[in-house]
Amino acid sequence: MAVVVSVVLVACNHDAYNTGDSRYSYLRTDFSKVYTNADARLWSAMTDNGDSLLLITPTTAAWATTPDSVYRALLYYNLQQDEDSTTVLHRVEAVAVAMVYVLQPHSATDSLASMTDPVVFQSAWVSSNKQYVNFSLALMTGEANVQDARQTIGLVCDSMKTETQNRHTYYYRLCHRQGDVPQYYKSTLYVSIPTGPFRQGDRVAVSVPTYDGTVTRVFAW
């Protein structure tokens, strides 16, 4: 889907430096699927590395509002210190949960195709479980004078080419509309593209409009 992006910056305050272990000494960060319970609280997760996590204290997120559902997120957490490497279901303390936008490709005839405003490309990779192609981007943002100013980001499939042995190459394009949001500073945004439609031997080329021209990354299965 196309998503409307409200960029939220998180500020961290640190007290005087203390030597030794602290709450964040063993902080881990993983791209994950996170699950909500009947109260729309995040209660468990499955990382891209295949680790099953149980949140000791279920937590809420402003963007996770549907009960008994699954979301894509970047999960910051601490393992219980009494667990060992043989534990199958890890009990964790959730420190923070950041939304990862999941983009499904639209037709090139969709109105999204006309959105060509640039973004800042940072990196791209395939998740370790090969279920997603991930992009780290930065949007230029700032305090807007227009009420409810938002940016929009989406994905279109411009074409699909059939190669030998019925293999396919998909040509995707990231689309972005700056809207009325000013461009004063960068804010990082993560997006994921599901790889479910791809089969062994397929390729996907994803083009990203940037301030330095179009950046294209090609991934093979």
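Residues numbered from 1 in each chain as written. Predicted model: local features only at pLDDT ≥ 70, side-chain atom pairs only at ≥ 80, totals over all residues. Heavy atoms only, no water.

1. Examining the sheet that holds strand β13 (residues 185-194)
Pairing in this open sheet of 4 strands is mixed, and the strands run β7-β13-β10-β9 from one edge to the other. The sheet is open, and its two edges are formed by β7 (101-102) and β9 (120-126), each paired on a single side. (Pairing = 2+ DSSP bridges. Helix = DSSP H or I, 4+ residues; strand = E, 2+ residues; numbered from the N terminus.)

2. Points about the confidence of the model for the protein chain
Mean pLDDT for the protein chain: 88, with 86% of residues reaching 70 or above. Every residue in residues 6-19 is under pLDDT 50, and counting partners more than four places away or in other chains gives 7 contacts. (pLDDT = per-residue confidence, 0-100. Contact = heavy atoms within 4.5 Å.)

3. Focus: the environment of Leu155
In this structure, Leu155 sits in strand β11 (residues 151-162). Residues Leu155 and Val102, spaced 53 residues apart in sequence, show a C-alpha to C-alpha distance of 9.8 Å. Those residues in contact with Leu155 that sit more than four places away from it in its chain are Leu103, Gln104, Pro105, His106, Leu112, Tyr172, Arg173, Leu174 and Ile193.

4. Brief notes about the pattern of salt bridges
On inspection of all chains with the given rule, the structure shows 2 salt bridges. Asp48 serves as the salt-bridge partner of Arg72, at 2.9 Å between the closest nitrogen and oxygen. With Arg72 in strand β5 (residues 70-79) and Asp48 in the loop between β3 (42-47) and β4 (52-59), this residue pair connects regions lying 24 residues apart in the sequence. Summarising the burial analysis for this pair, Arg72 and Asp48 share the class buried. With its nearest N and O atoms 2.8 Å apart, the salt bridge here joins Arg173 to Asp158. Taken together, the positions of Arg173 in strand β12 (residues 168-177) and Asp158 in strand β11 put the pair 15 residues apart, joining distant regions of the chain. For Asp158, a relative accessible area of 37% puts it in the partly exposed group. (Salt bridge = Lys/Arg side-chain N within 4 Å of Asp/Glu carboxyl O. Buried < 20%, exposed > 50% of the residue type's maximum accessible area, 1.4 Å probe, protein only.)

5. Section: the sheet that holds β5
Within a sheet, adjacent strands bond to each other through the backbone by hydrogen bonds, running parallel or antiparallel. Within the closed barrel, the 5 strands sit side by side as β2-β3-β4-β6-β5. Their pairing is mixed. Here the average twist between neighbouring strands, direction ignored, is 50°. Pairing analysis gives 8 bridges linking strand β2 (residues 28-36) to β5, with the strands arranged antiparallel. The partner of Thr29 across the bridge, within β5, is Tyr76. (Axes fitted to C-alpha atoms, helices over the stretch in contact; angles between N-to-C directions.)

6. Topic: unusual backbone geometry
With phi around 60°, Lys130 is a residue other than glycine that occupies positive phi space. You can see Lys130 is positioned in the loop between β9 and β10 (132-141).

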